[in-house]
Amino acid sequence: MVVSAPEPVLVPVQGGGFFPVRRVYCVGRNYAEHAREMGHDSREPPFFFDKPADAVVIDGAPMAYPPQTGDLHHEIELVVAIGKDGAAIGEHAALEHVFGYAAGLDMTRRDVQAAAKKAGRPWTMAKGFDQSAPIGAIAPASAIGHPASGAITLSVNGAERQRGDLSDQIWSVPETIAYLSRLVTLRAGDLIMTGTPAGVGAVRRRDVLEGQIEGVGSVSTVIA
């Protein structure tokens, strides 16, 4: 039997071209208000979970409501696209490894996550399910720089649900890259989802989600 390799996941780049996704890393509880709404109220070292590359949904495409949950939540996030390999990267050099930025959604089976937390088990099935990562077009850092502030918002059916600012991140992008690169070697093609502001909540089938990050771009999907 011959097993063919899967086709790479390609995220459009603003201005033309595509970014082939290798891995998707996610930072947990990286905005203080969101940490508080999830029952935590202290600055702690960053922690990470991941999603498979094929969890990515291209901007504008629908995502299926996943099975085995009755509590699917939205989380709008700044996504960092890595364009240069590196391990044990210093904070001062971290942004040299960034290709660009995008708006993304870390969709979460909240009830599955709550059960996993209670049992002290991994979050994989709560976070890494099929189509759990809608991501907008990547804006190259060469065009927009490295945004450290700017509004980050999410609306559901036209009503705003989440609003924060990139400057509210507990761990900045350079700090996050430096910390993560001491745990794994970052490679070109990796994406890092950097956490969500407060206001996460449930969505239902046929809901329209629209996220915006000032100076970066947008992401949208419909729950099918």
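Here is a short report on the structure shown in this document. (Residues numbered from 1 in each chain as written. Predicted model: local features only at pLDDT ≥ 70, side-chain atom pairs only at ≥ 80, totals over all residues. Heavy atoms only, no water.)

### A look at the sheet that holds strand β13 (residues 159–165)
The following threshold applies: When DSSP finds two or more bridges between two strands, those strands count as paired. Helix and strand definitions follow DSSP, with helices as H or I runs of at least four residues and strands as E runs of at least two, each counted in order from the N terminus. Here the axes come from fitting lines to C-alpha atoms, over the contacting stretch only for helices, and the angles between their N-to-C directions go from 0 to 180 degrees.
As summarised here, the arrangement of the 4 strands in space is β13-β12-β16-β17, forming an open sheet in which the pairing is antiparallel. Every interior strand has two partners, whereas the edge strands, β13 and β17 (217–222), have only one. Geometrically, the sheet is characterised by an average inter-axis angle of 10° between neighbouring strands, direction not taken into account. Pairing between strand β16 (residues 208–213) and β17: 6 bridges, direction antiparallel. By the bridge assignment, L209 is partnered in β17 with T221.

### Let's talk about the pairing of strand β4 (residues 48–51)
Short version of the rule: Relative accessibility decides the category of a residue: with a 1.4 Å probe and only protein chains considered, values under 20% of the type maximum give buried, values over 50% give exposed, and everything between is partly exposed.
By the alternation rule, side chains of β4 split into F49 and K51, which are all buried, and F48 and D50, of which none is buried. Here strand β3 (residues 24–27) runs beside β4; their pairing, made up of 4 bridges, is antiparallel. Its bridge partner being in β4, C26 is matched across the sheet by F49.

### Re the pattern of salt bridges
To keep things clear, this is the line we draw: Salt bridge criterion: a side-chain nitrogen from Lys or Arg within 4 Å of a carboxyl oxygen from Asp or Glu.
Across all of its chains, the model carries 8 salt bridges by this definition. For D106, the salt bridge identified is with K51, shortest N-O distance 2.8 Å. Within this pair, whereas D106 is found in the loop between β8 (98–105) and β9 (108–109), its partner K51 is found in strand β4, the two being separated by 55 residues in sequence. Put simply, K127 and D106 hold a salt bridge, and the shortest N to O gap is 2.8 Å. With a gap of 21 residues between them, K127 in helix α3 (residues 124–127) and D106 in the loop between β8 and β9 connect regions that are remote in the sequence. Salt bridges sharing common partners tie together K51, E75, D106, R110 and K127.

### Regarding the nonpolar core
As a reminder, the rule being used: Residues grouped as a nonpolar core are buried Ala, Val, Leu, Ile, Met, Phe, Trp, Tyr and Cys residues, joined through side-chain atoms within 4.5 Å. Contact criterion: two residues are considered in contact whenever any of their non-hydrogen atoms come within 4.5 Å of each other.
Grouped together as the largest cluster of nonpolar side chains are 36 residues, with contacts concentrated most on M107 and I177. If we skip the residues at most four places from it in the chain, I177 touches V80, I82, I89, A94, V98, L186 and I192. In this structure, C26, F49, A81 and L191 belong to the second largest nonpolar core, which totals 19 residues.

### What to know about the sheet that holds β9
Strand order in the open sheet formed by 3 strands is β9-β6-β15, with antiparallel pairing between adjacent strands. Because the sheet does not close on itself, it has two edges, and the strands there are β9 and β15 (201–202). As paired elements, strand β6 (residues 72–74) and β15 share 2 bridges and run antiparallel to each other. Following the sheet pairing, H73 is matched in β15 by A202.

### Considering the side chain of T196
The test is simple: Counting of polar contacts relies on pairs of N or O atoms within 3.5 Å, with two restrictions inside protein: one atom must be capable of donating a hydrogen and the other of accepting it, and residues adjacent in sequence are counted only when both atoms are side-chain atoms.
You can see T196 is positioned in the loop between β14 (191–193) and β15. Of note is the side chain of T196, whose polar atom sits 2.8 Å from the backbone oxygen of I76. Among the polar contacts made by the side chain of T196, one reaches the side chain of Q162 at a distance of 2.7 Å.

### Focus on the packing of aromatic side chains
How two aromatic rings sit relative to each other is set out by the distance from centre to centre and by the angle between their planes. Quick reminder of the rule: Pairing of aromatic rings covers Phe, Tyr and Trp, the last counted by its six-membered ring, and requires centre-to-centre distances within 6.5 Å; plane angles under 30 degrees mean stacked, over 60 mean edge-to-face, and any other angle means tilted. Lysine NZ or arginine CZ positioned within 6 Å of the ring centre and within 35 degrees of the ring normal marks a charge as sitting over the ring.
Summed over the entire model, instances satisfying the criterion amount to 5 aromatic pairs. A centroid spacing of 5.7 Å and a plane angle of 25° characterise the contact between F19 and F99, whose relative ring orientation is stacked. Of the two residues, F19 is situated in strand β2 (residues 18–21) and F99 in strand β8; the sequence distance between them amounts to 80 residues. Classification of F99 by relative accessible area gives partly exposed; the value is 31%. Here the aromatic residues F47, F49 and W123 are joined through ring pairs into a cluster of three or more. Here the basic side chain of K51 rests over the ring of F129, its NZ or CZ set 5.9 Å away from the ring centre.

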